[in-house]
Each structure stands twice: as structure tokens, then as C-alpha cells.
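Each chain is listed here by its residues.
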Amino acid sequence: MQQTATVTKLLPGNKAELTVHRQTACGHDCSNCGGCGEIVTKPIIVIADNSIGADVGDSVVITGSSKQVLGLAAVVYLVPFVLFFALYAVAAVASLPIPEAWACGGFFLGILAAVGVNKRQKHAKPIYTISKL
């Protein structure tokens, strides 16, 4: 994953604080879309490894790991549904009463897992790498 960012502050340990403007699928043509609104217009602040020596004010390209994003997507989207079907199957095979209720319980356990992972990720700053000036 690559994004364009602006260096706002140099940090100790050869790191830099950057401002990243989120990209949209429509190319910021909000007059024709209106779907994303204010959410994508707010910049986000990230920390990146500054091994190439970028200075404050430089426009740079940062590279991040797709693995982290895909892992979070799996937790948020797949785990609730897997637990839904798994607990339904277990309840049906074990002849438990109301297997649908067990399935819904599994779905909500998956949602709780996703909320827990989200809270943990808010405190973990992802480290990006500045790849180009």
C-alpha cells in the first residue's frame, strides 16, 4: 500500500511524523458523489521510518504493510460469520434447543472480538516507511 504524505515533524530514532490525506475511490469528485463527505477530507497523522532523510515540508511516498489491513478486515468481516455458522452447526448436530440463537450468539461474539481488536489497534501506531521523496 502506498500513499502520498507530507512530513510535518522529524522525530528521534530516524522517524518522521507525516500528514496523509486519505484517498477516495471517486478521486475526490464530491460534487458528483457525496458519499464520503467529511470522513476522507480529514488528514490522518502517521509515524514513518525516515531512512531516506526527508525534511519537514517534503512531499513523500510512504509504503505500509497490506498484511495488517487484511488481517483487520478478516477479523471484522469473516470472524462473525464463521462463528455464526460454526455455532449453528454445533448446536444443530448436538441437538441443542434453538440453534438459531446459538448462531446469533456466535455472531455477536465475533462482533465483540472485532471491537476488541479495533480498540487495541487504536493504541498501536502503524509504522510506515518513506520510500520516495
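Everything that follows concerns the structure shown earlier in this document.
Report follows, based on the coordinates. Every residue gets a number counted from 1 within its own chain, in the order that chain's sequence is written. Two thresholds apply to this predicted model, a pLDDT of at least 70 for residue-level local features and 80 or more for giving and counting side-chain atom pairs, whereas whole-chain, interface and lining totals are computed over all residues. Side-chain figures throughout are based on the complete set of non-hydrogen atoms in the structure, without hydrogens or water.

1. Quick notes on the overall build of the protein chain
We count it as follows: Numbering of helices and strands runs from the N terminus; a helix is a DSSP stretch of H or I covering at least four residues, while a strand is a stretch of E covering at least two. Here's how the labels work: a residue is buried when its accessible area is under 20% of the maximum for its type, exposed when over 50%, partly exposed in between, all with a 1.4 Å probe on protein chains only. For this analysis, residues touch if any pair of their heavy atoms sits within 4.5 Å.
The helix and strand tally for the protein chain stands at 2 helices and 5 strands. What you see in the protein chain, going N to C, is helices and strands ordered as β-β-β-β-α-α-β. Counting the 133 residues in the protein chain, one finds 21% classified as buried. The long-range share in the protein chain, meaning contacts at least 24 apart out of those at least 6 apart in sequence, stands at 68%.

2. Quick look at the side chain of Asn50
We count it as follows: We call two N or O atoms a polar contact when they sit within 3.5 Å, provided that within protein one can donate a hydrogen and the other can accept it, with sequence-adjacent residues counted only if both atoms are side-chain atoms.
As for its placement among the helices and strands, Asn50 is situated in the loop between β3 (44-49) and β4 (59-63). Of the polar contacts made by the side chain of Asn50, one reaches the backbone nitrogen of Ala54; its length is 2.8 Å. When near neighbours in sequence (up to four residues on either side) are disregarded, Asn50 contacts Leu10, Asn14, Lys15, Ala16 and Ile130.

3. Notes on the nonpolar core
Nonpolar side chains tend to gather and get buried jointly when the protein is soluble and globular. The test is simple: Only buried residues count toward a nonpolar core, which is a set of Ala, Val, Leu, Ile, Met, Phe, Trp, Tyr and Cys residues joined through side-chain atoms within 4.5 Å.
With 11 residues, the main nonpolar core is built from Ala5, Val7, Ala16, Leu18, Val20, Val46, Ala48, Ala54, Val60, Ile62 and Ile130. Those elements that place two or more of their residues in this core are β1 (2-11), β2 (15-20), β3 and β4. No other element matches β2, which puts 3 residues into this core. Residue contacts for Val7: discarding those within four places in its chain leaves Ala16, Glu17, Leu18, Ala54, Asp55, Val56, Gly57, Asp58 and Val60.

4. Some points on unusual backbone geometry
For residues besides glycine, phi is generally negative; the peptide bonds are generally trans as well. Residues other than glycine seldom take positive phi values, yet Asn14 does so here, at roughly 60°. Positive phi outside glycine occurs at Ser95, with the angle close to 55°. As for its placement among the helices and strands, Ser95 is situated in the loop between α1 (66-93) and α2 (99-123).

5. Focus on the packing of aromatic side chains
To keep things clear, this is the line we draw: For Phe, Tyr and Trp, rings pair up if their centres lie within 6.5 Å, where Trp contributes its six-membered ring, and each pair is then called stacked (planes under 30 degrees apart), edge-to-face (over 60) or tilted (otherwise).
On inspection of all chains with the given rule, the structure shows 3 aromatic pairs. With 5.0 Å between their ring centres and 90° between their planes, Phe84 and Phe85 make a pair best called edge-to-face. Phe84 gets classed as partly exposed once you look at its relative accessible area, which sits at 26%. Its relative accessible area of 53% is what places Phe85 among the exposed residues. One aromatic cluster is present, formed by Phe81, Phe107 and Phe108 through successive ring pairs.

6. Some thoughts on the environment of Ser51
Of note, Ser51 is situated in the loop between β3 and β4. Placed 79 residues apart in sequence, Ser51 and Ile130 show a C-alpha to C-alpha distance of 7.2 Å.

7. Focus: α1
Rules: Expected span, for any helix, means 1.5 Å times one less than how many residues it has. The bend at a residue is defined as the angle formed between two axes, one fitted to the seven residues ending at that residue and one fitted to the seven starting there.
For α1, built from 28 residues, the straight-helix expectation of 40 Å at 1.5 Å per residue is met to within 8% by its first-to-last C-alpha distance of 38 Å. Maximal helix bending in α1 amounts to about 40°, located at Leu78; proline Pro80 follows within four positions. Trailing α1 by a residue or two, Ser95 shows a phi angle of about 55°, which is positive.

In short, geometric facts, not functional conclusions.
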